[in-house]
Amino acid sequence: MTNVSSTPLRIQVPLSDHYSRASDEELKLRIQKSIDNLRDDLVILGHHYQRDEIIEFADLRGDSYKLAQFAANNTQASHVIFCGVHFMAESADVLTNEEQHVYLPDLNAGCSMADMATILQVNDAWQSFCEFIDEDLIVPITYMNSSAAIKAFVGEHGGAVCTSSNAQAIIEWGLAKGKYILFIPDQHLGRNTAYQMGFTSEDCYLYDPRGSIANDSQAISSKTFWLWKGHCSVHQRFSPQHVADFREEHPNGIVVVHPETRNEVVSIADVVGSTERIIDFVESCPPGSEIGIATEVHLVQRLAKENSDKTIISLDPLYCPCSTMFRIDLPHLSWCLDKIEDGEPVNEISVDFETRHWARTSLQRMLDITDLKTRD
Ligand code: SF4
């Protein structure tokens, strides 16, 4: 049985003045020195939403899927510093081997969406559904943005993890083996993918973990998708008005949105895709293109800098960073590296044996299904 303890409290210790008062230039020199000292024994992974000064030191930058694949294939470095958020570091720990250690430079770097589903809530939901539906007909699918405990629950109950790049492939796989999809925790990715596959709002039930489904058993039995009521606070901000404003100012502009945005936005966009797809699309556009993007602002600003022959702007004129990703900064990276060099590593993210086993099962299923579909 999966470990059902709730998410342990993560407390980040304050950094000393040696880090918090150092200039960026000084910190960059220290970080580079540590990297040179640790050489092949170290890998730094950087999510696309990280600050530029962190991405500068990343051996690999990617979205959660690309970084998970890299972690699965990398067996050399014994120290993996994950510049991203907590659930990503957990996935990296699950996919790396026993000799490798994964660190998150700031323990406060969580994900508000992942925190909208706890393992206790998922267990409760499952028990409630199974009171009126045969368990074998339900396939749980969890977005990468969830805790290792939830990934383990899904693995143990015959389901798989998905990312925004492969959600449709994983759901198709789920519907070939069951009748109902319990999709955790992002309602928008679940709904957008269902609609993309030809389903409608009639096929979707929005499950609120804080409510009761006691009187809803009939409605639930008639729906294919049971969508967990969670969302990304960054992507949910984008609205149809943002799209209209951009189009008024840029009549030839292209609107590109991430599938974590609401369907009202997705349905009027020109291109919908995962972080990696957004990057590929922007890079493939001819010089002079005008592109309005609905995703995390650090990525949009970096794309604008790296594609200066195109006009690239965020659809939201207000600054919309992922505030938890933003916690990873030069002082924390420098501190984390120093501690590894001193032989007293800090902030290691370690998933317990049983959770690791089942979380690995659901992650590996995702990698296998995606690999098969790519070869089709
Ligand atoms: S952008 Fe949204 S989903 Fe991604 S880490 Fe931040 S809060 Fe979580």
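Residues numbered from 1 in each chain as written. Predicted model: local features only at pLDDT ≥ 70, side-chain atom pairs only at ≥ 80, totals over all residues. Heavy atoms only, no water.

So, about the packing of aromatic side chains. For the coordinates displayed, the defined rule picks out six aromatic pairs. Geometrically, the ring pair formed by Tyr207 and Trp228 is tilted, given 5.1 Å between the ring centres and 50° between the ring planes. Residue Tyr207 is found in strand β8 (residues 204-207), and its partner Trp228 is found in strand β9 (residues 225-228); the two are separated by 21 residues along the sequence. Accessibility classification places Tyr207 together with Trp228 in one group, the buried group. Grouped by ring-pair contacts, the aromatic residues Phe129, Tyr180, Tyr207, Trp226 and Trp228 constitute a single cluster. Above the ring of Phe326, the side-chain terminus of Arg51 is found at 3.7 Å from the ring centroid. (Phe/Tyr/Trp six-rings, centres within 6.5 Å; stacked < 30°, edge-to-face > 60°. Helix = DSSP H or I, 4+ residues; strand = E, 2+ residues; numbered from the N terminus. Buried < 20%, exposed > 50% of the residue type's maximum accessible area, 1.4 Å probe, protein only. Lys NZ or Arg CZ within 6 Å of the ring centre and 35° of its normal.)

Every residue lining the ligand is accounted for by Tyr49, Val85, Cys111, Ser112, Asn145, Cys232, Val234, Glu260, Cys322 and Met325. Residues belonging to the shell around the ligand are distributed by class as follows: seven nonpolar, two polar and one charged. (Near = heavy atom within 4 Å. Nonpolar A, V, L, I, M, F, W, Y, C, P; charged D, E, K, R; others polar.)

As summarised here, the arrangement of the five strands in space is β6-β5-β7-β9-β8, forming an open sheet in which the pairing is parallel. Taken across any chain shown, the strands that pair with only one partner, and hence form the sheet edges, are β6 (160-162) and β8. Taking each pair of neighbouring strands and ignoring which way they run, the sheet shows an average axis angle of 25°. Its contacts with the sheet put helix α7 (residues 148-156) on β5 (138-143), β6 and β7 (180-184), and the angle it makes with β5 is roughly 155°. (Pairing = 2+ DSSP bridges. Axes fitted to C-alpha atoms, helices over the stretch in contact; angles between N-to-C directions. Contact = heavy atoms within 4.5 Å.)

The element helix α5 (residues 86-95) is largely enclosed, with a buried count of ten among its ten residues. Every buried residue of α5 is accounted for by His86, Phe87, Met88, Ala89, Glu90, Ser91, Ala92, Asp93, Val94 and Leu95.

The values reported here are purely geometric and, on their own, carry no functional implication.
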